[in-house]
Amino acid sequence: MKPVGLLERYLQAVKPLLPRKAQDDILRELSENIRCRMDEREADLGRPLSAAEQEEIIKEHGHPVVVAARYGRTQYLIGPAVFPFYWLILRIAVVGALIVRLVVEVVMALLSPDPAHAILPALLAVPSVLIPVFFWVTAVFAAFELCSSFFTWKWKNCWSPSSLPVVGTHSPAVSRAESVAQILFGAAFIVWWQAVPHAPFLLLGPAASIIAPAPIWTDLHWPILLLIAAGVAQACVDLARPQQTKWRAKIRLAIQAAGLIVLCLVLRAGVWVVMAPGVQDPARFSGVVEVLNQILFYCFLVGLIIESVRFIWRCLRQFQAHTAIHAAALARD
Amino acid sequence: MDDLFENFRLELRRGCLVLAVLAQLRTEHYGYTLRKALANQGLAIDEGTLYPLLRRLESQGLLVSEWREEEKRNKRFYRVSPDGAAVLDRLLQEWRSLNASLGGLLKHYEPMEV
């Protein structure tokens, strides 16, 4: 008796998992190969195969999911070339998201009418941020993996030795991981920043029912957006050509200077959150708004000091590098 | 340690599979007889690996195939294409060069006592 029943059940299980276009052709070939093997075994034994023997041959062929997967084009979501960047960004994103969520939840709990009872549920809610972070980072990198053959081709073919920097005159390369992180976080920020005016909840969370962003954020919406977009564009260039050049360092300094100006304008505003329209008991929350504005003042002040120091440090390094190159050129001449 | 060895062994064999398949398909075979021929030469390949590999090599233009009847059954016969033959020649050169290098490296090799 031919093993039609078992074999057909096996082929039926494999079929829906195969690439649609080649489904019938692959099944036909699989079927023939397995039948050949069974025929030969029958010839060796001189008798028809038992059900157990048929099952053994089919089982040796492999689980339907595994067999079908091997006919698929891609066997992985994120390949070995992209994985190191994915892993780095995922770790950064997870830690960053946990910290931000923790701070937001704790502040909201402390501002609630009953902080003692609100703090535990707030802390328990923190890990829930991990699922969306994992999903989005994985989705972005999986999409990047799909396009990576194009990028790899570009990197492999669009270069020439004469386009590389002259020996002794270049600064170290910009880290690719740093560029990828800047692109991903910058892109995510742009999407979020564009959505905030329509959904203040994204900025203030549950506190959006009590407080609202001050007019300064509307005034500076586009400057901040352009600043981040410039940073993303810069990171894209860095990713394609990671070697630092004189012009690139200057452009980076210009973007940082623009950032400092925006930060000064933000600090000068003095009010960053106001009472949301329609709050039923304004007197009760006016203190909260005042405290929040004071906290934000110190945050922006510290941010401005740190950014100013970084800017001055970069300017000095740029000046030193420029002087060294000039001296090297003079020595060669 | 056994797992590590098994991984290295599989990697080593995987690197030789394409060369072995292209070499064997200088004469025409269908999947099952190809597998048997390779096994007879001491290179047993799992069916789940071999058949998808044949498809991939065909889609890359290194093999050509046709369905034909043999012993009252339709079978898909594969053989190496002109491009496949050119790749096979280059792979063989590479293989011989590697083999010679390893031969030189291992000429005075003696297993270490543990």
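Model, not experiment: these values are computed from the prediction.

Across its full length, chain A holds 13 helices and two strands. Taking all 333 residues of chain A together, 12% fall into the buried category. Across chain A, contacts joining residues at least 24 apart in sequence account for 74% of those joining residues at least 6 apart.

Attention shifts here to the nonpolar core. Counting 24 residues, the largest nonpolar core has Val14(A), Leu22(B), Leu25(B), Leu54(B), Leu63(B), Tyr78(B) and Val80(B) as its most contacted members. Only helix H1 (4–14), helix H2 (23–45) and helix H4 (64–71) of chain A together with helix H1 (2–24), helix H2 (31–40), helix H3 (47–59) and strand E3 (73–80) of chain B provide two or more residues apiece to this core. In this view, Val80(B) contacts Leu22(B), Leu25(B), Arg26(B), Leu62(B), Leu63(B), Ala85(B) and Leu88(B); residues no more than four positions away in its chain are not counted. Grouped together as the second largest cluster of nonpolar side chains are nine residues, Ala207(A), Ala212(A), Val273(A) and Leu292(A) included.

So, on to the confidence of the model for chain A. Chain-level pLDDT for chain A is 80 on average; 86% of the residues reach the 70-or-more range. Taking the mean pLDDT of every element in chain A, the minimum, 76, falls on helix H7 (residues 130–157) of chain A and the maximum, 88, on helix H10 (residues 215–219) of chain A.

As a further point, take the interface of chain A and chain B. Across the boundary between the two partners, chain A contributes twelve residues, which contact twelve residues of chain B. At the level of elements, H2 and H4 of chain A are the ones that each hand at least two residues to the side of chain A that touches chain B. No other element matches the six residues that H2(A) contributes to the side of chain A that touches chain B. The class makeup of the residues in the side of chain A that touches chain B is five nonpolar, three polar and four charged.

In this section: the pairing of strand E2 (residues 63–70) of chain B. All names here are of chain B. In the sheet, E2 pairs with E3 via eight bridges, with the strands oriented antiparallel. Across the sheet, residue Ser-65 finds its bridge partner in E3, namely Tyr-78. Hairpin connection between E2 and E3: a loop of two residues separates the two successive antiparallel strands, and Glu-71 in this loop has a positive phi of roughly 50°.

Residue and element names in this part refer to chain B. As summarised here, the arrangement of the three strands in space is E1-E3-E2, forming an open sheet in which the pairing is antiparallel. Sheet topology places strand E1 (29–30) and E2 at the edges, where each strand pairs with a single neighbour. Of the pairings in the sheet, the one linking E1 to E3 comprises two bridges and is antiparallel in character. In the sheet register, His-29 faces E3, and the bridge partner there is Tyr-78.

Residue and element names in this part refer to chain B. For chain B, the average pLDDT comes to 89, and 98% of its residues sit at 70 or higher. By mean pLDDT, H1 is the weakest element of chain B at 88, and helix H4 (residues 82–105) is the strongest at 93. With pTM at 0.49, the complex prediction returns an ipTM value of 0.73.

Turning to the environment of Gln318(A), a few remarks are in order. Residue and element names in this part refer to chain A. Here Gln-318 is to be found in helix H13 (residues 282–332). Given 16 C-beta atoms within 10 Å, Gln-318 falls into the partly exposed group. A sequence separation of 69 residues divides Gln-318 from Ala-249, and the C-alpha atoms of the two residues are 7.4 Å apart. Those residues in contact with Gln-318, other than ones at most four positions away along the chain, are Ala-249 and Leu-253.

Direction vectors running N to C along H4(A) and H3(B) enclose 25°, while the axes themselves pass 8 Å from each other. Considering the angle they form, H4(A) stands roughly parallel to H3(B). The two elements H4(A) and H3(B) cross, and the hand of that crossing is right-handed. Within the contact between the two elements, H4(A) uses Val66(A), Val67(A), Arg70(A) and Tyr71(A) and H3(B) uses Gly48(B), Thr49(B), Pro52(B) and Arg55(B). Broken down by class, the residue content of the contact of H4(A) with H3(B) amounts to four nonpolar, two polar and two charged.

The rules behind the values
Residues numbered from 1 in each chain as written. Chains lettered and ligands numbered in written order. Predicted model: local features only at pLDDT ≥ 70, side-chain atom pairs only at ≥ 80, totals over all residues. Helix = DSSP H or I, 4+ residues; strand = E, 2+ residues; numbered from the N terminus. Buried ≥ 20, exposed ≤ 12 C-beta atoms within 10 Å, placed from the backbone. Contact = placed C-beta atoms within 7 Å. Core = buried A, V, L, I, M, F, W, Y, C linked by C-beta atoms within 7 Å. pLDDT = per-residue confidence, 0-100. Nonpolar A, V, L, I, M, F, W, Y, C, P; charged D, E, K, R; others polar. Pairing = 2+ DSSP bridges. Axes fitted to C-alpha atoms, helices over the stretch in contact; angles between N-to-C directions. Parallel < 35°, antiparallel > 145°, perpendicular 65-115°, else oblique. Left-handed = near helix turned anticlockwise from the far one by under 90°.

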